[in-house]
Number of protein chains: 2
Amino acid sequence: MVNITSPLRIGYVLFPAFTSIDVFGPLNVLNLVSMNYNMTLSLLSTDLQPVSVDRTIIGGIGGVGSGMGAVSASPNFTEFILPTHTFDNAPDIDVLFVPGGFGTRNINGTQPHVDWIRSRVEEGPKLDYLMSVCTGASLLARAGVLAGKNATTNKSAFNWVKSVENADKVNWIAKARWVVDGDIWTSSGVSAGTDMTLNWVEHLYGRNESERVRNLMEWNALNQTDDPFAEYFGLV
Amino acid sequence: MVNITSPLRIGYVLFPAFTSIDVFGPLNVLNLVSMNYNMTLSLLSTDLQPVSVDRTIIGGIGGVGSGMGAVSASPNFTEFILPTHTFDNAPDIDVLFVPGGFGTRNINGTQPHVDWIRSRVEEGPKLDYLMSVCTGASLLARAGVLAGKNATTNKSAFNWVKSVENADKVNWIAKARWVVDGDIWTSSGVSAGTDMTLNWVEHLYGRNESERVRNLMEWNALNQTDDPFAEYFGLV
């Protein structure tokens, strides 16, 4: 068991066209944990405008990675959620989550997010944990905070993530549901973020709590080394 | 393969304190399908105010069902999403999804949702499919639209759902990841809704499409009869 501050201040970075389960899977876990342990939640973006889920900007992004083409039959099939803070007035955060999604392909659009992640890691206030889900690892790589670290990311977009700026400084692990390197946890694609978060809850609060939450969510978990998708996408 | 209208008009009923994966799991699936098949999405609520995810109203609701007590360490740990339509100006819908969550315990607060579901089923415009996730089945039962049907629901809240008005007219199946009865599909708790939706995508668009989406989501699916949670919660 680790030393836990209370309330534990959770932050989530949002950008247009993040993947829904990247955010709402871990938040479903944390919401259930927050019934027993005092936590706060901040949803951080460049401004306070509603943020689109899954896409709307994909039409303008080149398709890299299998199944993630630029053409869509239903370009406006999306939802919108509300941020709570801008980067400029972001509160202190203990645990920062960074999701992935089509929106990570928008390199210019996510530059403010990358810059803020870098400044928060390098200048503080100190983060206790930095977590990425799916192609959220590409933002961490671009920020330089994965240099010299082990990490993983989405398996259908693995080679794209390896191509972003500073990604060549990272030891990418192809077959892993998630990877832990110090205080940095990175998960594979989409659903893997929820497995990682459940394991992180076990790390912080013990297995009884993580299993209570997993059963309430009727979640069919994979273990850290169970990664059939690395093979499916030809990475191993 | 079934006859599919295009665009396929998806609707989702929202109420305060719905469970996040109940909504954003199936929508993650449908978003990926909507890249290949033309779909529209309407998020329906009593008004256009932002709707809270997971909770905020739980403090006022009696705790029924294991692990779902009324006391929370972090009552405001929530997110807010934006509806697109009110019930009064709801468009025609082909496929209506109804999520569950703590908010279903708010019987008075969800009565407009129950009334609208009943009127849409009984008076039209005609729905092709009616789908519930988790304790969303309690709204369908209260609306009377499950009378004489086979259905399932959340396993930790199973006995609570069986206690709501009109639930005694339903043939509740304890051990099932999801149940299909004619055009009504009901899933077990939270994550089971995503398994059901993937299976429904296979039913509509074929297995290649459902497997494409499942692999992009790196989703570890359970089959229709795989339900370890019925045993865990002592229902079988």
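Please refer to the structure higher up on the page.
Every value quoted in this text rests on a predicted model; they were computed, and no experiment measured them.

A. Focus on the nonpolar core. Ranked by internal contacts, the top residues of the largest apolar core, which has 150 residues, are A:Trp200 and B:Trp200. Setting aside chain neighbours within four positions, we find B:Trp200 in contact with B:Leu8, B:Ile10, B:Leu30, B:Val95, B:Tyr129, B:Met131 and B:Trp185.

B. Fine view of the interface of chain B and chain A. Counting residues at the interface gives 60 residues for chain B and 60 residues for chain A. Contact with chain A buries surface across chain B, with B:Met35, B:Phe77 and B:Glu218 losing the most and accounting together for 18% of the total. Our count for the contact surface shared by chain B and chain A stands at zero salt bridges. Where chain B packs against chain A, one counts 33 residue pairs in polar contact (both at pLDDT 80 or more). For the side of chain B that touches chain A, the secondary structure elements donating two or more residues are α1 (20-33), β2 (39-45), β4 (79-81), α6 (207-216) and α7 (228-232) of chain B. Residues belonging to the side of chain B that touches chain A are distributed by class as follows: 30 nonpolar, 22 polar and eight charged.

C. Layout of the packing of aromatic side chains. One pass over the structure, following the stated rule, counts 18 aromatic pairs over all chains. Taking the centre distance of 3.6 Å and the plane angle of 10° together, the rings of A:Phe24 and B:Phe24 count as stacked. Remark: B:Phe24 occurs in helix α1 and A:Phe24 occurs in helix α1 (residues 20-33); the pair is interchain, linking two chains. For the residue pair A:Phe24 and B:Phe24, the accessibility class agrees, reading buried in each case. For the ring pair B:Tyr232 and B:Phe233, a centre distance of 4.9 Å and an interplane angle of 85° mean the geometry is edge-to-face. Connected via pairs of aromatic rings, a cluster forms that spans A:Tyr12, A:Phe97, A:Tyr129 and A:Trp200. Its guanidinium or amino end placed over the ring of A:Trp160, A:Arg105 lies 4.4 Å from that ring's centre, counting from NZ or CZ.

D. Broad picture of helix α5 (residues 192-205) of chain B. Residues and elements named next belong to chain B. Helix length check: α5 (14 residues) gives 20 Å between terminal C-alpha atoms against 20 Å at 1.5 Å per residue, within 8%. Of all 14 residues that make up α5, 11 are buried, and the element is covered over most of its length. For α5, every residue scored as buried is listed here: Ala 192, Gly 193, Thr 194, Asp 195, Met 196, Thr 197, Leu 198, Trp 200, Val 201, Leu 204 and Tyr 205. Downstream of α5 by one or two residues, Gly 206 has phi in the positive range, about 100°.

E. Layout of the sheet that holds strand β11 (residues 184-187) of chain B. Residues and elements named next belong to chain B. Strand order across the open sheet formed by seven strands is β5-β2-β1-β6-β7-β11-β10, with mixed pairing between neighbours. In this open sheet, the two strands that pair with only one neighbour each are β5 (85-86) and β10 (178-181). Of the strand pairs in this sheet, β2 and β5 are connected by two bridges, and their pairing is parallel. Across the sheet, residue Ser 45 finds its bridge partner in β5, namely Thr 86. Most of the contacts of α1 go to strand β1 (residues 8-13), to which it runs at about 165°, and overall it touches β1, β2 and β6 (95-98). In the packing of helix α2 (residues 111-123) onto the sheet, the strands contacted are β1, β2, β6 and β7 (129-132), and the crossing angle to β6 comes to about 155°.

F. Molecular detail of the side chain of B:Thr86. Examined against the element boundaries, B:Thr86 turns out to sit in strand β5. Contacts of B:Thr86, omitting those with residues within four sequence positions, involve B:Leu44, B:Ser45, B:Thr46, B:Asp47 and B:Leu48.

G. The pairing of β11(B), seen in detail. All names here are of chain B. A two-sided burial pattern is seen for β11, the buried positions comprising Ile 184 and Thr 186 on one face and Trp 185 and Ser 187 on the other. Strand direction decides the pairing type here: β7 and β11, joined by three bridges, are parallel. Paired with Leu 130 across the strands is Ile 184, a residue of β11. Relative to β11, β10 runs antiparallel, the two being bridged by four bridges. Considered in β11, the bridge of Trp 178 is made with Ser 187. The loop that links β10 with its antiparallel partner β11 comprises two residues; one of these, Gly 182, has a positive phi angle of about 65°.

H. Quick look at the sheet that holds strand β10 (residues 178-181) of chain A. Residue and element names in this part refer to chain A. Spatially, seven strands are ordered β5-β2-β1-β6-β7-β11-β10 in an open sheet, and the strand pairing comes out mixed. Strands at the two margins of the open sheet, each flanked by one partner only, are β5 (85-86) and β10. Summarising the sheet, strand β1 (residues 8-13) and strand β6 (residues 95-98) pair through three bridges and their orientation is parallel. Across the sheet, Gly 11 pairs through a bridge with Leu 96, a residue of β6.

I. Focus on the relation of the copies chain B and chain A. Superposition record for chain B on chain A: RMSD 0.0 Å, screw rotation 180°, translation along axis 0.0 Å. What we have between these two chains is a two-fold relation. Among all residues of chain B, the minimum C-alpha distance to the rotation axis is found for B:Ile81, at 2.1 Å. Comparing interface residues between copies, 100% of those in chain B also sit at the interface in chain A, which points to an isologous, same-surface contact.

J. Focus on the pattern of salt bridges. Residue and element names in this part refer to chain B. Within the structure shown, the criterion is met by 22 salt bridges over all chains. The residue Asp 94 makes a salt bridge to Arg 9 at a minimum N-O spacing of 2.8 Å. Within this pair, whereas Asp 94 is found in the loop between β5 and β6, its partner Arg 9 is found in strand β1, the two being separated by 85 residues in sequence. Lys 175 is the partner of Glu 231 in a salt bridge, and the nearest nitrogen-oxygen pair spans 3.7 Å.

Rules used in this analysis
- Residues numbered from 1 in each chain as written.
- Chains lettered and ligands numbered in written order.
- Predicted model: local features only at pLDDT ≥ 70, side-chain atom pairs only at ≥ 80, totals over all residues.
- Heavy atoms only, no water.
- Core = buried A, V, L, I, M, F, W, Y, C linked by side-chain atoms within 4.5 Å.
- Buried < 20%, exposed > 50% of the residue type's maximum accessible area, 1.4 Å probe, protein only.
- Contact = heavy atoms within 4.5 Å.
- Buried area = accessible area lost by both parts, 1.4 Å probe.
- Salt bridge = Lys/Arg side-chain N within 4 Å of Asp/Glu carboxyl O.
- Polar contact = N/O pair within 3.5 Å; in protein donor to acceptor, adjacent residues only side chain to side chain.
- Helix = DSSP H or I, 4+ residues; strand = E, 2+ residues; numbered from the N terminus.
- Nonpolar A, V, L, I, M, F, W, Y, C, P; charged D, E, K, R; others polar.
- Phe/Tyr/Trp six-rings, centres within 6.5 Å; stacked < 30°, edge-to-face > 60°.
- Lys NZ or Arg CZ within 6 Å of the ring centre and 35° of its normal.
- Expected span 1.5 Å × (residues − 1).
- Pairing = 2+ DSSP bridges.
- Axes fitted to C-alpha atoms, helices over the stretch in contact; angles between N-to-C directions.
- Least-squares fit on C-alpha atoms with pLDDT ≥ 70 in both.

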